[in-house]
Amino acid sequence: MNAREEILGRIERVMPARPASDVAASYDRIDRGYLRRHHEDGVLDLFAERVAHYRATVLRVTPAEVAATVAERLSARPGSYGVPSDLPEEWTSAAGDVIVRDPSVPSLDGLAGAVTGCAAAIAETGTIVLDHGAAQGPRALSLVPDYHLIVVLADQVAPDVPEALERLDPRRPLTFVSGPSATSDIELSRVEGVHGPRTLEVLVVK
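Residues numbered from 1 in each chain as written. Predicted model: local features only at pLDDT ≥ 70, side-chain atom pairs only at ≥ 80, totals over all residues. Heavy atoms only, no water.

Asks: I would appreciate a short explanation of the overall build of the protein in the present structure.
Replies: Scanning the protein from N- to C-terminus turns up six helices and 12 strands. Within the protein, contacts between residues separated by at least 24 positions form 69% of all contacts whose residues are at least 6 apart in sequence. Accessible area of the protein: about 11,900 Å², with a carbon and sulfur share of 53%. When the 21 positive and 30 negative side-chain charges of the protein are each reduced to one mean point, those points stand 4 Å apart. (Helix = DSSP H or I, 4+ residues; strand = E, 2+ residues; numbered from the N terminus. Contact = heavy atoms within 4.5 Å. Areas by Shrake-Rupley, 256 points an atom, 1.4 Å probe, with all protein chains shown as cover. Lys, Arg positive; Asp, Glu negative; His and termini not counted. Charge placed at Lys NZ, Arg CZ, Asp CG, Glu CD.)

Written out as structure tokens, the structure reads:
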């Protein structure tokens with residue numbers, strides 16, 4: 001028996017595992033009579049405002065403007081940019097040879113940044129959610145490079161948290177992004193880029 005099995009065994013002796021049916025019944029008894037949505041109108045405006053509040057750059061573009069805007073943002077920082085292998089090619093068609101599709105994990109630290117899509121976004125909290133599925137790549141791609149450009153489609157933005165969660169699969173590795181990586185744990189001094197990208201830019205496409 002290894003240490004992990006021993007620890008889990010001790011926990012189970014004190015707190016025996018409950019049948020899955022009991023757990024499901026407990027969840028069914030939770031009162032969910034809370035307000036599901038705080039906003040009906042101006043959802044995209046609210047999302048852009050909340051994201052910008054986190055010191056992220058927000059740009060509103062049309063579908064036809066995505067490629068040119070991506071190329072413009074990437075040209076401001078010399079270097080190569082990692083993108084998922086299934087990122088729509090039309091998003092990076094004007095960026096030239098700076099795009100590296102499906103970069104290896106060891107190469108991520110040498111990239112100038114990354115470009116991805118997302119799974120959902122939340123207007124009320126200014127949060128973008130990645131489930132590392134289509135157009136998002138592995139979690140390391142969104143955490144290691146110092147710059148992250150996220151393309152958010154208008155229909156991916158939910159007004160509030162409950163609706164956003166209903167769009168997500170809890171079995172997937174979810175990453176919630178609320179602005180650039182930052183912490184004030186030490187002496188309340190804000191330090192950016194500790195747990196992820198120092199710079200976050202968001203294209204809201206409608």
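Moving on from the model shown.
Asks: Please clarify how the pairing of strand 4 (residues 113-116) should be interpreted in this entry.
Replies: The side chains of a regular strand alternate between both faces of the sheet. Side chains Gly113 and Val115 of strand 4 all project onto a buried face; the interleaved residues Ala114 and Thr116 project onto the opposite face, where all are buried too. Both strand 2 (residues 81-83) and strand 4 contribute to a ladder of two bridges, which runs parallel. Each bridged residue has a counterpart across the sheet, and for Tyr81 the counterpart in strand 4 is Gly113. As paired strands, strand 4 and strand 7 (residues 147-153) are joined by three bridges and run parallel to one another. (Buried < 20%, exposed > 50% of the residue type's maximum accessible area, 1.4 Å probe, protein only. Pairing = 2+ DSSP bridges.)

Asks: When you look at helix 3 (residues 43-53) in this model, what are you seeing that I'm missing?
Replies: Residues three or four positions apart in an α-helix share a direction because the helix packs 3.6 residues into each turn. Here helix 3 has its buried residues at Val43, Leu44, Leu46, Phe47, Ala48 and Val51. Residues of helix 3 that are buried sit in contact with strand 1 (57-61), strand 5 (120-122), strand 6 (127-130), strand 7, strand 8 (157-158) and strand 12 (199-205). One or two steps after helix 3, the chain reaches Arg55, where phi turns positive at roughly 70°.

Asks: Could you clarify how one ought to interpret the side chain of His148 in this entry?
Replies: With respect to the helices, strands and loops of the structure, His148 is situated in strand 7. The class for His148 is buried, based on a relative accessible area of 3%. A distance of 2.9 Å separates polar atoms of two side chains, one belonging to His148 and the other to Thr116. In this structure His148 touches Ala114, Thr116, Leu130, Ser142, Pro197, Thr199, Leu200 and Glu201, once residues within four positions along its chain are discounted. (Polar contact = N/O pair within 3.5 Å; in protein donor to acceptor, adjacent residues only side chain to side chain.)

Asks: Could you clarify how one ought to interpret the packing of aromatic side chains in this entry?
Replies: The relative placement of two aromatic rings is captured by the distance of their centres and the angle of their planes. Under the counting rule described, the total for this entry stands at one aromatic pair. Here the aromatic rings of Tyr81 and Tyr147 are separated by 6.0 Å at their centres, their planes lie at 80°, and the arrangement is edge-to-face. Taken together, the residues Tyr81 in strand 2 and Tyr147 in strand 7 connect sequence positions 66 residues apart. We note that Tyr81, like Tyr147, is buried. (Phe/Tyr/Trp six-rings, centres within 6.5 Å; stacked < 30°, edge-to-face > 60°.)

Asks: Just to check I follow, could you spell out the side chain of Thr127 for this structure?
Replies: Note that Thr127 resides in strand 6. With relative accessibility at 6%, the residue Thr127 sits in the buried group.

Asks: How should the sheet that holds strand 6 be read in this particular structure?
Replies: The strands making up a sheet associate through hydrogen bonds between their backbones, and the pairing can be parallel or antiparallel. As summarised here, the arrangement of the four strands in space is 8-5-6-9, forming an open sheet in which the pairing is mixed. On the outer flanks of this sheet lie strand 8 and strand 9 (175-177), each paired with one strand and no other. As paired elements, strand 6 and strand 9 share three bridges and run antiparallel to each other. Looking at strand 9, one finds that Val129 is bridged to Phe176.

Asks: Looking at this structure, I do not really get helix 4 (residues 66-75). What am I missing?
Replies: Within helix 4 the residues assigned to the buried category are Val66, Ala67, Thr69, Val70, Ala71 and Leu74. In this structure, the buried residues of helix 4 make contact with strand 1, strand 2, strand 3 (99-101), strand 4, strand 7 and strand 12.

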